[in-house]
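Survey of secondary and tertiary structure
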Amino acid sequence: MINTLFCGNYKVFDGILSCIISILKRTETKEPFHFYLFTMDVHHLREDYTPITEKQVDFLQKVVKSYNSENLVTKIDVTDLYNKEFANSPNEQCYCSPYTLIRLFADLVPEIPEKLLYLDADLLFNKDITKLYNIDIEKYEYAAAPDHYGKLILFWQKKFINAGVILFNMKKCKETGLFEKSRNEIRMHKLTFADESAIIRSTTYQLKISQRFNDQKFLYKGTVIRHFSKRLFWFPYPHTENIKQWNYTKMLAKFKYLCFEDVLSEYLYYKGKFERE
């Protein structure tokens, strides 16, 4: 079974749905998928910080099973873990949201298997997921690609990676205490990039992989994953834009990625169906 993890509140549904569709449409293997969803209720911090809903999970379950009846979607509520580990921590109001922190509970959730691919929701797969998932990480805690901007600005920090795509060896992570050390960093220090910084600081054995497994700026012929993270544009003046794949019209106008037309057409069909239901 191929095991993946998404984290977020109910608002990441569009991202998760479109990313899952891209995985299923681009992957040829008959091996089933298990999509884990970490979520929590922390609406006391902000009104929309509420969990992924049961209706959303049930709908995702129907979508993935339409490809393979053995595919699974499992929601895991980590509210209690968050309140115990990170409530009132220096990073609770981090640059994204507290939901970026909850992947650091992966070692505390008994259901999580020994190999786990963490994915941000703002991704689309351009090629087969097995090109990434089948990388040998037996000797490493995880495999990850460089951060596009970090490798230019922070080139002396050899371990700097973009944490939007991480292939974890959970057995090795438990041996080295990667997650436990990362949680301590979150509790003790205010970090520039919160969980990403905590993971990098706590890393012992890291496998750096090609940028094609997490392209944050361009789409090349060999790109496996296109990450629609915030991007710097130089024209008509230097500025940043945060264009996500589910904003199909805007994404198409800006990037002209016709290769994702089949994925996003199916996403729009299912999104409409979900809203009607």
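Residues numbered from 1 in each chain as written. Predicted model: local features only at pLDDT ≥ 70, side-chain atom pairs only at ≥ 80, totals over all residues. Heavy atoms only, no water.

Take Y49: it is sitting in the loop between strand 2 (33-39) and helix 2 (54-65). Y49 sits in the buried class, given a relative accessible area of 7%. Here the alpha-carbon distance between Y49 and T39, two residues 10 residues apart in the chain, equals 9.6 Å. If sequence neighbours within four positions are ignored, Y49 has contacts with N9, M40, D41, V42, H43, C96, S97, P98 and Y99. (Helix = DSSP H or I, 4+ residues; strand = E, 2+ residues; numbered from the N terminus. Buried < 20%, exposed > 50% of the residue type's maximum accessible area, 1.4 Å probe, protein only. Contact = heavy atoms within 4.5 Å.)

Moving on: the environment of D262. Along the chain, D262 falls in helix 10 (residues 261-276). As a C-alpha pair, D262 and K273 span 11 residues in sequence and 17 Å in three-dimensional space. Setting aside its immediate chain neighbours within four residues, D262 contacts K25 and R26. Here R26 takes part through its side chain, which lies 2.9 Å from a polar atom of the side chain of D262. (Polar contact = N/O pair within 3.5 Å; in protein donor to acceptor, adjacent residues only side chain to side chain.)

Time to look at helix 8 (residues 195-202). Buried residues dominate helix 8, accounting for 7 of its 8 residues. Along helix 8, the residues that are buried comprise D195, E196, S197, A198, I199, I200 and S202. Contacts from the buried residues of helix 8 go to strand 6 (142-144), strand 7 (165-169) and helix 7 (178-188).

Turning next to the nonpolar core. With 52 residues, the main nonpolar core has I16, F35, L117, L119 and F125 as its most contacted residues. With 8 residues, the top contributor of residues to this core is helix 1 (residues 13-26). Setting aside residues no more than four positions away along its own chain, L119 makes contact with T4, L5, F6, C19, I23, F125, G164 and V165. Listed in part, the 37 residues of the second largest apolar core include F38, L101, F179 and I199. (Core = buried A, V, L, I, M, F, W, Y, C linked by side-chain atoms within 4.5 Å.)

Mapped onto the elements of the fold, W246 is located in the loop between strand 11 (239-241) and helix 9 (248-255). By relative accessible area, which is 23% here, W246 ends up partly exposed. On a C-alpha basis, the gap between W246 and Y267 in space is 8.1 Å, while along the polypeptide they are 21 residues apart. Not counting chain neighbours up to four residues away, the residues in contact with W246 comprise D14, G15, S18, A121, D122 and Y267.

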